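Examining the three-dimensional arrangement
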Amino acid sequence: MAKDLHELLRSLRVWDPAVTGLPPFAPGAAPAEPLSLFTEWFAEVVAAGEREPHTMTLSTSDEEGLPDARIVMLHGADAGGWVFATHATSRKGRQLATRPYAALTFYWPVLGRQVRVRGPVTSAPSEEAQADLHARSTGALAAALTGRQSEVLASAEELTRASEAAWEHAHRNPTATSPTWTLYRLRPDEVEFFQGDGARRHARLRYRRAGGSWTREQLWP
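In this numbering scheme, every chain counts its residues from 1 along its sequence in written order. The model is predicted, so local features are restricted to residues of pLDDT at least 70 and side-chain atom pairs to those at 80 or more, both for listing and for counting; the totals for chains, interfaces and linings are taken over all residues. As a rule here, side-chain values come from all non-hydrogen atoms in the structure, and water together with hydrogens is ignored.

Two aromatic rings from Phe, Tyr or Trp, using only the six-membered ring of Trp, form a pair when their centres are within 6.5 Å; if the ring planes differ by under 30 degrees the pair is stacked, by over 60 it is edge-to-face, and anything between is tilted. Tallied over the entire structure, the rule returns 12 aromatic pairs. Judged by centre distance (6.0 Å) and plane angle (75°), the ring pair of phenylalanine 42 and tryptophan 108 falls under edge-to-face. Of this pair, phenylalanine 42 sits in helix H2 (residues 34-47) while tryptophan 108 sits in strand S5 (residues 101-108), and the two are 66 residues apart along the sequence. Relative accessibility decides the category of a residue: with a 1.4 Å probe and only protein chains considered, values under 20% of the type maximum give buried, values over 50% give exposed, and everything between is partly exposed. With a relative accessible area of 22%, phenylalanine 42 lands in the partly exposed category. Of the aromatic side chains, those joined through ring pairs into one cluster are Phe25, Trp41, Phe193, Tyr207 and Trp214. For arginine 113, the ring lying beneath its charged end belongs to tryptophan 41, and the centroid distance is 4.2 Å. For helices the rule is a DSSP run of H or I covering at least 4 residues; for strands it is a run of E covering at least 2, with both sets numbered from the N terminus onward. The criterion for a charge sitting over a ring is simple: Lys NZ or Arg CZ within 6 Å of the ring centre, and within 35 degrees of the ring normal.

The structure is reproduced here in structure tokens:
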């Protein structure tokens, strides 16, 4: 079995030219702050056909400092930070309550790009979280109303019953609230942009917050 996995891994390519383009990136010409470059890169990967470019890895740590990670969806990014949502009672919500600092990682293989963001996390007012939830799909509302995220599930039937009731509630009352649904904003201390290169001379540009402005540093790949 291990040999099969090894052979499978060796058969795979990174940035296959048939599906991946590696555009040039000149860090010295990058904007003075990271949000503008993130917005530019995001638009470019969408145009290049990246599937689900708004998904990202959210990394947190528990009370003992042990790392944890999962995929979540970006809800927005502005001068206040990068925004995502979850239940305050979920595993990640509890971790953020204990250690309100996190990292986000975007990977866009269609252009060989990564973006890494890390910084302190705060929660938005409840009314902002509910407005964000109601702007999404009925399915998103139903999932939020189902609740009990990260709790132990006794059976698939229990989930089916709870989900069906939540869907019915969401259809009947599209403005229903989910009290534990929380919108989080990560205000970055650092943002790093990585552009892959076919000769492995990858370009890495790191922004670091210094008071009210940003410094830029190019890193070895």
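Next, the rest of the story.
Moving on, we come to unusual backbone geometry. A positive phi is found at arginine 148, a non-glycine position, where the angle reads about 60°. Positionally, arginine 148 belongs in the loop between helix H5 (138-146) and helix H6 (156-172). Even without being glycine, serine 150 reaches a positive phi, approximately 80°. On the secondary structure map, serine 150 appears in the loop between H5 and H6.

With that settled, the discussion passes to the pairing of strand S4 (residues 81-87). Within S4, 7 of the 7 residues are buried, which leaves it mostly tucked inside the rest of the structure. Two strands pair when backbone bridges link them, and strand S3 (residues 76-78) and S4 are joined in this way by 3 bridges, in the antiparallel orientation. By the bridge assignment for S4, aspartate 78 is matched with glycine 81. Here, a strand pair is defined by DSSP locating no fewer than two bridges between the strands. Hairpin connection of S3 to S4: 2 residues between the antiparallel strands. Both S4 and strand S7 (residues 181-186) contribute to a ladder of 6 bridges, which runs antiparallel.

Before going further, it helps to spend a moment on the packing of H5 against H6. Under this scheme, a helix contributes an axis fitted over its contacting stretch, all axes are lines through C-alpha atoms, and angles between N-to-C directions fall in the 0 to 180 degree range. Put simply, H5 and H6 touch, their axes get as near as 8 Å, and they point 130° apart. Overall, the two elements H5 and H6 adopt an arrangement that is oblique. Considering how the two elements wind past one another, H5 and H6 form a crossing that is right-handed. For the pair H5 and H6, the contacting residues are Thr138, Gly139, Leu141, Ala142, Leu145 and Thr146 in the first and Leu159, Ala162, Ser163, Ala166, Trp167, His169, Ala170 and His171 in the second. Should an angle fall under 35 degrees it is called roughly parallel, over 145 degrees roughly antiparallel, and 65 to 115 degrees roughly perpendicular, with every other angle called oblique. Crossings are assigned a handedness: left-handed for a near helix turned anticlockwise from the far helix by less than a right angle, right-handed for a clockwise turn. Contacts are residue-level and defined by heavy atoms, with any inter-residue pair within 4.5 Å sufficient.

So, on to helix H4 (residues 126-134). Ala129, Gln130, Asp132 and Leu133 are the residues of H4 that are buried. Relative to the axis of H4, the buried residues are bounded by an arc of 160° and lie together on one face. For H4, the secondary structure elements touched by its buried residues are H5 and S7. Each direction from the helix axis to a C-beta atom contributes to the arc, which is the arc of those directions.

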